[in-house]
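Examination of the molecular architecture
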Amino acid sequence: MEYFFGLLVLIVIIFVMMGVTVVQQGFVYTIERFGRFTHAAQPGLTIIIPFFDRVGRKVNVMEQVLDIPGQEIITKDNAMVGVDAVVFFQVLDAAKAAYEVSDLYVAIMQITTTNLRTVMGSMDLDETLSKRDDINGRLLSVVDHATSPWGVKITRVEVKDIRPPADISNAMARQMKAEREKRAQILEAEGMRAAEILRAEGEKQGAILQAEGRKEAAFRDAEAREREAEAEAKATVMVSESIASSGTQALNYFIAQKYTEAISQFATSPNAKTILFPVEATQLIGTLGGIGELTKAVLADQEKR
């Protein structure tokens, strides 16, 4: 009796242990009863009925990356390009991912490849090389809509590499080189033009300043001559008045003064060793005598005053 009771306890323990299932984090297990899906077991401890229930599929609900093999695609302008892509997806409904499609990974790969050919085949080569963001966006929209019945969310579709043919690559390299040389020549020509413009502006400003300087100098010279003429006129007036008031004595005085200054210029000349007087000495003495008479007359007038 005790042996039977012990055997029964052992069977119960084994039965309970068979019904305990631990679901790993990041996974969802589908539970089937007699082959029919009943519910999805979330991460943690789950109790099932042994021999009646069983774990059907272990579905990964973490975000996953699926590498799309390289494809040879013909573009709209009949250029053959090689394309590699990757798809990022996450399972949101484990039951649909397990039972709505037979092989989820193959299905996602095939539908992505098909739509990649469709999207890039409707574009020119230049567009495929320059509009990767547009390609990624169109692929994401189409593939996500196609996989939504499977309980899958496509988070990103990225085109990794686009490989044009070798001859087209060489032509593009030559085109890029020619374009860069063209831009360099344009920049050089613009630099030379700017330098010539600056040089011409500098010469223009220099000519303007020189003209203004000559104008100012001419104005100053004219002003100086005008003042000198005014001074000469005043001096002439004063001399004329003096002659008119003093008679020939003042005239003799001025003539003698100029005559004496002329003689002194001969005396101070560094090259003159011999001085010849073109006039008679008595004339000079007479003139000096006139100066003396004029001086006496002036002094006499001052004493009377």
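Residues numbered from 1 in each chain as written. Predicted model: local features only at pLDDT ≥ 70, side-chain atom pairs only at ≥ 80, totals over all residues. Heavy atoms only, no water.

1. A look at the sheet that holds strand 6 (residues 64–74)
Sheet architecture is open: 3 strands sit in the order 6-7-8, paired in antiparallel fashion. Pairing within the sheet leaves two strands with one partner each, and these edge strands are strand 6 and strand 8 (152–163). Direction aside, neighbouring strands of the sheet carry axes that sit 20° apart on average. Strand direction decides the pairing type here: strand 6 and strand 7 (residues 80–91), joined by 9 bridges, are antiparallel. Along strand 7, the bridge assignment pairs Gln71 with Val83. Where helix 3 (residues 104–121) meets the sheet, its contacts fall on strand 6, strand 7 and strand 8, and the angle it forms with strand 6 comes to roughly 40°. (Pairing = 2+ DSSP bridges. Helix = DSSP H or I, 4+ residues; strand = E, 2+ residues; numbered from the N terminus. Axes fitted to C-alpha atoms, helices over the stretch in contact; angles between N-to-C directions. Contact = heavy atoms within 4.5 Å.)

2. Some words on the pairing of strand 7
Counting buried positions along strand 7 gives 10 out of 12 residues, so the element sits mostly inside the fold. Counting the residues in the hairpin turn of strand 6 and strand 7 gives 5 residues, including Asn78, whose phi is positive at 65°. (Buried < 20%, exposed > 50% of the residue type's maximum accessible area, 1.4 Å probe, protein only.)

3. Some remarks on the sheet that holds strand 3 (residues 36–41)
Judged by pairing direction, the sheet is antiparallel, and its 3 strands sit side by side in the order 3-2-5 without closing on themselves. Looking at the sheet topology across the chains shown, the edges are occupied by strand 3 and strand 5 (53–60). On average, each strand axis in the sheet is tilted by 30° relative to the strand beside it, whichever way the strands run.

4. Quick notes on helix 5 (residues 132–147)
With 16 residues, helix 5 extends 22 Å between its outermost C-alpha atoms, agreeing within 8% with the 22 Å of an ideal straight helix rising 1.5 Å per residue. Buried within helix 5 we find Ile135, Asn136, Leu139, Val143, Asp144 and Thr147. When helix 5 is viewed along its axis, its buried side chains cluster within an angular range of 140° and face the same direction. Looking at helix 5, the residues exposed on the side facing more than 90 degrees away from the buried face are Asp133 and His145. Looking at the packing, one finds that the buried side of helix 5 touches helix 3, helix 4 (125–130) and strand 8. (Expected span 1.5 Å × (residues − 1). Arc of directions from axis to C-beta.)

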